Amino acid sequence: MPETPLSICVFCGSRPGNNPDYTATARAFGTAIASQGWRLVYGAGDVGLMGEVARAAQSAGGATLGVIPTHLMGAERGKRDLTQLIITETMHERKKVMFMNADVIVVLPGGAGSLDEFFEVLTWAQIGLHKKPILLLNASGYWTPLVALLDHIIAQGFADPSLTAQFHAVPDVATAIGQITKSLR
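Notes on the structure in this doc start here.

Criteria and cut-off values
- Residues numbered from 1 in each chain as written.
- Predicted model: local features only at pLDDT ≥ 70, side-chain atom pairs only at ≥ 80, totals over all residues.
- Heavy atoms only, no water.
- Buried < 20%, exposed > 50% of the residue type's maximum accessible area, 1.4 Å probe, protein only.
- Helix = DSSP H or I, 4+ residues; strand = E, 2+ residues; numbered from the N terminus.
- Pairing = 2+ DSSP bridges.
- Right-handed = clockwise from strand over helix to strand, strands pointing away.
- Axes fitted to C-alpha atoms, helices over the stretch in contact; angles between N-to-C directions.
- Left-handed = near helix turned anticlockwise from the far one by under 90°.
- Contact = heavy atoms within 4.5 Å.
- Nonpolar A, V, L, I, M, F, W, Y, C, P; charged D, E, K, R; others polar.
- Salt bridge = Lys/Arg side-chain N within 4 Å of Asp/Glu carboxyl O.
- Core = buried A, V, L, I, M, F, W, Y, C linked by side-chain atoms within 4.5 Å.

As a further point, take the pairing of strand E5 (residues 104-107). Burial along E5 is two-sided: Val 104 and Val 106 and Ile 105 and Val 107, pointing in opposite directions, are all buried. Bridge analysis of strand E1 (residues 7-11) against E5 gives four bridges, and the strand direction is parallel. By the bridge assignment, Ile 8 is partnered in E5 with Val 104. As judged from the three bridges shared by E5 and strand E6 (residues 134-137), these two strands associate in the parallel manner. Pairing of Val 106 across the sheet is with Leu 135, part of E6. Regarding the hand of the β-α-β motif, the stretch spanning E5, helix H4 (residues 112-126) and E6 is right-handed.

Here it is, written out as structure tokens:
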């Protein structure tokens, strides 16, 4: 039986956002995942940054695992031409299946859903439930205010300084790939 490739879970927006760099970053990251021989694990949508990262990974010959709850098949245009598609009942189940099938978590720009996904895996890391690398791909400084908020939370005594050691904010795709490769050693 062939060994499963390294799996990169990408949490990101179901919208493209206003800055074209977000779309370019999603495409470049999808291509890079496939070029490394890694598998993309993502939310199975064919819209927004989700669709961009998946189409780019597919175009570059990469394996894709999409996970989507039944109630979002229409709104997010569930992508059925993936290597593997899992349809769940709930959003929580979606996150769990994505996380369980991933070796690394990367968060591209996104909205409340992406924040929810990031904070759940960050909290799990903080309380010792996993040691999977977590990266914020900070395209055009998108996540800079979030990192500042986390620093503020620490400064105000609501978290230990070790909180920010649970993730890495990286400025671009090349740095993300380098950080993932470094984490494998």
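Structure shown, so let's carry the discussion forward.
On to the packing of helix H1 (residues 20-35) against helix H6 (residues 173-183). Running from N to C, H1 and H6 cross one another at 35°; their axes reach a closest spacing of 10 Å. Crossing geometry of H1 relative to H6 is assigned as right-handed. Of H6, the residues touching H1 (which contributes Thr 25, Ala 28, Phe 29 and Ala 32) are Val 173, Ala 176, Ile 177 and Ile 180. Of the residues assigned to the contact of H1 with H6, the class counts are seven nonpolar, one polar and no charged.

Here we come to unusual backbone geometry. The phi dihedral of Ala 44 is positive, around 70°, even though this residue is not glycine. Note that Ala 44 resides in the loop between strand E2 (39-42) and helix H2 (48-59). Here Ala 44 falls in the buried class, since its relative accessible area comes to 0%. At Ser 140, a residue that is not glycine, the phi angle is positive and equals roughly 50°. Its location among the elements puts Ser 140 in the loop between E6 and helix H5 (144-155).

The next point concerns the packing of H1 against H2. Working note: a packed helix pair is described by the angle between its axes plus the distance between those axes. Where H1 contacts H2, the axes come no closer than 7 Å and their chain directions differ by 35°. Handedness of the crossing formed by H1 with H2: right-handed. Seen from H1, the contacting residues are Tyr 22, Thr 23, Ala 26, Arg 27, Phe 29, Gly 30, Thr 31 and Ala 34; seen from H2, they are Leu 49, Glu 52, Val 53, Ala 56 and Ala 57. Among the residues forming the contact of H1 with H2, the class breakdown is eight nonpolar, three polar and two charged.

Now for the pattern of salt bridges. Scanning all chains against the criterion turns up five salt bridges. Close ionic contact of Asp 46 with Arg 55 constitutes a salt bridge, the shortest N to O distance being 2.4 Å. You can call Arg 55 partly exposed: its relative accessible area is 32%. Residue Arg 55 is joined to Glu 52 by a salt bridge in which the shortest nitrogen-to-oxygen separation is 3.4 Å. Of this pair, Arg 55 and Glu 52 are both found in helix H2, three residues apart, which corresponds to roughly one turn of the helix.

Below, the discussion takes up the nonpolar core. Core analysis: the largest hydrophobic core is formed by 32 residues, its most contacted members being Ile 8, Val 10, Phe 29, Val 106 and Ile 180. Among the secondary structure elements, those contributing two or more residues to this core are E1, H1, E2, H2, E5, E6 and H6. Those residues within four positions of Phe 29 in sequence are excluded, and the remaining contacts are Ile 8, Val 10, Val 53, Val 106, Leu 108, Leu 137, Val 173, Ala 176, Ile 177 and Ile 180. Of all hydrophobic cores here, the second largest spans 26 residues; its members include Cys 9, Leu 65, Ala 102 and Leu 122.

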